[in-house]
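Chain residues, written in single-letter form:
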Amino acid sequence: MEIFAKEGLVPNVALTARDADVIKTYVRLGLGIGIIASMAIDPKEDADLVQIDTSHLFPAHTTWIGFRRGGLLRKYQLDFVQLLAPHLTKRIVERAAGAATQATSTSW
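Residues numbered from 1 in each chain as written. Predicted model: local features only at pLDDT ≥ 70, side-chain atom pairs only at ≥ 80, totals over all residues. Heavy atoms only, no water.

### Here we look at the overall build of the protein
Point 1. A count of helical and extended segments in the protein gives five helices and zero strands.
Point 2. Secondary structure of the protein in N-to-C order comes out as α-α-α-α-α.
Point 3. Radius of gyration (C-alpha) of the protein: 19 Å, far over the 13 Å computed for a compact globule of 108 residues.
Point 4. A total of 108 residues make up the protein; the buried ones form 13% of that total.
Point 5. When the accessible surface of the protein is totalled, it reaches about 9300 Å², and 58% of it is carbon and sulfur.
Point 6. Positive and negative side-chain charges in the protein, numbering 12 and 11 respectively, have mean positions lying 14 Å apart. (Helix = DSSP H or I, 4+ residues; strand = E, 2+ residues; numbered from the N terminus. Rg over C-alpha atoms; globule rule 2.2 N^0.38 Å. Buried < 20%, exposed > 50% of the residue type's maximum accessible area, 1.4 Å probe, protein only. Areas by Shrake-Rupley, 256 points an atom, 1.4 Å probe, with all protein chains shown as cover. Lys, Arg positive; Asp, Glu negative; His and termini not counted. Charge placed at Lys NZ, Arg CZ, Asp CG, Glu CD.)

If you want it as structure tokens, here you go:
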């Protein structure tokens, strides 16, 4: 809403949802347009939807990956982290997992 307000716009919001699949369903039902992350679009499954890149209109958002401190990180978990954030190497993730606090886990 802040982004719209900065531009002097007041969107007419009839429905809201946090789940991209729910938003896409609303759009398919003709209830309006939806704003979702590009990663939520499947080219095959969503071929019936029109996509317009709006990355220049909205600021980037941070996505957090959480896991239990001190637990064993399995290969599939590390693979998942690297799918989301290829710059996070196995070594960096393991260092973060072994950090004493949240603050020290983000210091490198």
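On we go.
### Quick look at a nonpolar patch on the surface
Point 1. Residues Met-39, Phe-80, Leu-83 and Leu-84 make up a contiguous nonpolar surface patch of about 490 Å² in total accessible area.
Point 2. Within the element layout of this structure, Met-39 appears in the loop between α2 (20–28) and α3 (75–84).
Point 3. Relative accessible area serves as the criterion here: at 68%, Met-39 is assigned to the exposed category. (Patch = residues over 30% accessible without salt bridge, like charges linked within 9 Å, V, L, I, M, F, W, Y side chains within 5 Å. Salt bridge = Lys/Arg side-chain N within 4 Å of Asp/Glu carboxyl O.)

### Some remarks on the packing of α3 against helix α4 (residues 90–97)
Point 1. Direction vectors running N to C along α3 and α4 enclose 110°, while the axes themselves pass 10 Å from each other. Classed by the angle they form, the pair α3 and α4 counts as roughly perpendicular. For the crossing formed where α3 meets α4, the hand is right-handed. In contact with Leu-78, Val-81 and Gln-82 of α3, α4 contributes Lys-90, Val-93 and Glu-94. (Axes fitted to C-alpha atoms, helices over the stretch in contact; angles between N-to-C directions. Parallel < 35°, antiparallel > 145°, perpendicular 65-115°, else oblique. Left-handed = near helix turned anticlockwise from the far one by under 90°. Contact = heavy atoms within 4.5 Å.)

### Points about the pattern of salt bridges
Point 1. With the rule as written, the count across this model stands at five salt bridges.
Point 2. Between Lys-75 and Asp-79 there is a salt bridge whose closest N-O contact spans 2.9 Å. Here Lys-75 and its partner Asp-79 are both found in helix α3, four residues apart, which amounts to about one turn of the helix.
Point 3. The class for Lys-75 is exposed, based on a relative accessible area of 61%.
Point 4. One network of salt bridges, with partners in common, ties together Asp-21, Lys-24, Arg-28, Asp-46 and Asp-48.

### Here we look at the packing of aromatic side chains
Point 1. Under the defined criterion, the tally for this structure stands at one aromatic pair.
Point 2. Pairing Phe-4 with Phe-58 gives two aromatic rings, centres 6.3 Å apart and planes at 70°, and the pair type is edge-to-face. Of this pair, Phe-4 sits in helix α1 (residues 2–6) while Phe-58 is found in the loop between α2 and α3, placing the two residues 54 residues apart along the sequence.
Point 3. Residue class for Phe-4 comes out partly exposed when judged on its relative accessible area of 25%.
Point 4. Under the relative-accessibility criterion, Phe-58 is labelled partly exposed at 25%. (Phe/Tyr/Trp six-rings, centres within 6.5 Å; stacked < 30°, edge-to-face > 60°.)

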